[in-house]
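# Working through the structure, step by step
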2 protein chains.
Amino acid sequence: MNSRPRTGIIGLGSMGYGMAQSLLRAGHDVLAFDIAAEPVARIVADGARSGDIEHLAAEMDCAVIAVLNAAQTATVLLGQPDRPGLVGLMRPGATIISCATIAPEDARRLHARAAKAGLHYLDAPISGGAGKAAAGKLSIMAAGKVQAFGGAHPALDAMAEVVFDMGREPGRGSAMKAVNQMLVGIHISAMAEAITFALSQGIDPARCHEVITRCAGTSWAFENRAPHVVGGDYHPASAVDIWPKDLGIVLDAARAARFPAPLTAAALQQFLAASGSGLGGEDDAAVAKVYARNAGLQLPGDGQ
Amino acid sequence: MNSRPRTGIIGLGSMGYGMAQSLLRAGHDVLAFDIAAEPVARIVADGARSGDIEHLAAEMDCAVIAVLNAAQTATVLLGQPDRPGLVGLMRPGATIISCATIAPEDARRLHARAAKAGLHYLDAPISGGAGKAAAGKLSIMAAGKVQAFGGAHPALDAMAEVVFDMGREPGRGSAMKAVNQMLVGIHISAMAEAITFALSQGIDPARCHEVITRCAGTSWAFENRAPHVVGGDYHPASAVDIWPKDLGIVLDAARAARFPAPLTAAALQQFLAASGSGLGGEDDAAVAKVYARNAGLQLPGDGQ
């Protein structure tokens, strides 16, 4: 009997690749898949196995789905007309860990489909960025049945610094992630609003950053993103285009609950303006360019 | 020659009283004034002097104006039809420290009037709350001429943990304070939006607080105010009604600069709804009650 957990990971982007590395480091027998050949070749060189998922899925004790959104998660889990998904391939009793930021309602729907196939489903969105993924230090907001937590345990141990147990109802992990994204999105747009407003009042962005980080106006997002504006560096650590998606999830859930969310709605408009004006692939701090443009202000790095 | 700095303080509210105590503790000869008799009697018992400001103002090396807003600051500085203000009473060469949160434009106007009377004027709004005022550990965002900083130095040393030098142009201190208030106001409303949205998704406020303070969604305001919502305690540490005033200052300055500030505007509407529905005197975390009411949700403490 093989005592190494056999863990699949589907999606080898900036988050999934690091998670696969963390699984390997923790001694898992890692079965790794991506639609792109390059990251698959790299992770195989690192010690993972790959190949035809239709043959290998039955070997997995647990599969981590680390793709971009709900549509991709559904494709991996449920398949497409011409090919089966994990629900048709994995052994009953195996566990799915769904890590993309998706709507709570999607998490409930996918859980129901997995349960019908005899699979355990952990609604487990992740937080922390690529560096923490590679270090096995993610924050994971997880909800699911006791058996889902049981089956997910070895992989969670390898990937997470902290797992917030949001209870036995799938959807609550995604809801908690939505609450976090609501705040981060608002705070990033507020950072941009504040730094450019300061500029309109004759205050240098670097000085504004220095003062605010030592005052009551500070936030994690301000401390993390304001330096990008101060340095005029919009190389994407996290891109503008994440926010129309994530704040869209928040506002869809809010609308369904008849919950008015005016700050979230205002922040979304700013990110839409950033994306719509061609900044979608830049770092999300580039929402400051929308504010600057609307007020005729020059940011650091402008005109260089 | 008396080597103790003779420092006036006008306004003995929750901030001014603590500042007067800090001045006394630092060995200043404190001349204290308020329209209410009770705090004057208390600070005199603590060792300050008081009496008729029209006779005592000429003794002051420096006067700290710690009243509520621009209108009160102007009354103290410029007087009223029936009584002179500090500009007609203090010796030329003495220094004014203006601490209320006022518009940058008001700071420039008051500076000009003080300068005409031969007084130095430091535009020096404060941050930190009553506890820090009493401990001499305020943050002060100060702008003014070199002579104003020179004359204010002994009082600033007694009252502040940190003085941010915002440069030689009066108005820049108030502008920096406005930027900070913009962020704090947005973040408090965002805290309320997030905790009540979480509730709409079945997540307990205490659990939401616990998770967010360990995630990227956190802010100083969230960490400071969310416990009030979780505990259902709206005893005012800082009242709702501060925000229509302070965000009004921000939006007036923004409008004058042709600077669109959509998140600030959205946050102001929420505080106006709180104030307009009778919550103006409650702690500013009570903006959560607006969100809860609009979504038909019960907050901790509701119905008790």
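Please read all numbers here as calculations on a predicted model, not as lab measurements.

### Here we look at the overall build of chain A
Counting its secondary structure elements, chain A contains 14 helices and ten strands. Computed over its C-alpha atoms, the radius of gyration of chain A comes to 21 Å, within 12% of the 19 Å expected for a compact globule of 304 residues. Counting over 304 residues, chain A shows a buried share of 58%. Restricting the contact set of chain A to residue pairs at least 6 apart, pairs at least 24 apart contribute 68%.

### A look at the interface of chain A and chain B
Listed as interface residues are 53 residues of chain A and, on the opposing side, 53 residues of chain B. If you list the elements that add at least two residues to the side of chain A that touches chain B, you get β9 (138-142), β10 (160-165), α9 (172-200), α10 (205-212), α11 (220-231), α12 (242-256), α13 (262-279) and α14 (287-295) of chain A. Sorting elements by how many residues they give to the side of chain A that touches chain B places α9(A) first, with 17 residues. Tallied by class, the residues present in the side of chain A that touches chain B amount to 34 nonpolar, 15 polar and four charged.

### A word on the pairing of strand β3 (residues 62-65) of chain A
Residue and element names in this part refer to chain A. Here β3 shows no split at all, with Cys-62 and Val-64 on one side and Ala-63 and Ile-65 on the other all buried. Here four bridges tie strand β1 (residues 6-10) to β3, and the two strands are oriented parallel to one another. Among the inter-strand pairings, Ile-9 is bridged to a residue of β3, identified as Val-64.

### Observations regarding the domain arrangement of chain A
Residues and elements named next belong to chain A. Split into domains, chain A comes out as domain 1 (6-168) and domain 2 (175-295). Using C-alpha coordinates to define each centre, domain 1 is positioned 29 Å away from domain 2. Counting residues at the interface gives nine residues for domain 1, matched by eleven residues for domain 2. Here the residues of the side of domain 1 that touches domain 2 are counted per class, giving six nonpolar, three polar and no charged.

### Some remarks on the relation of the copies chain A and chain B
Each copy superposes on the other: chain A lies on chain B with an RMSD of 0.0 Å after a rotation of 180 degrees and an axial shift of 0.0 Å. Here the symmetry operator amounts to a two-fold rotation axis. Minimal C-alpha separation from the rotation axis in chain A is found for Ser219(A), amounting to 1.9 Å. The fraction of interface residues of chain A whose copies in chain B are also interface residues reaches 100%, indicating that both copies meet through the same surface.

Cut-offs and rules
Residue positions within a chain follow its written sequence, with the count starting from 1. Starting at A for chains and at 1 for ligands, labels are handed out in the order in which the entities are written. Totals for whole chains, interfaces and linings use every residue, but because this is a predicted model, local features are given only for residues with pLDDT of at least 70 and side-chain atom pairs only at 80 or more, for both listing and counting. Segments assigned H or I by DSSP are reported as helices when at least four residues long, segments assigned E as strands when at least two residues long, and all are numbered from the N terminus. Only C-alpha atoms enter the radius of gyration; for comparison, a globular chain is expected to reach 2.2 Å times N to the power 0.38, where N is the number of residues. Residue burial is a threshold on neighbouring C-beta atoms within 10 Å of the residue's own C-beta, all placed from the backbone, with 20 or more meaning buried, 12 or fewer meaning exposed, and counts in between meaning partly exposed. For every residue pair, C-beta atoms are placed from the backbone, and the pair is scored as a contact if these atoms sit within 7 Å. In this classification, the charged set is Asp, Glu, Lys and Arg, the nonpolar set is Ala, Val, Leu, Ile, Met, Phe, Trp, Tyr, Cys and Pro, and all remaining amino acids, among them Gly, are polar. At least two bridges found by DSSP between two strands is the condition for calling them paired. By convention here, the domain bounds are inherited from an automatic or database domain assignment. Superposition of the copies was done by least squares, using only C-alpha atoms of residues whose pLDDT is at least 70 in both.

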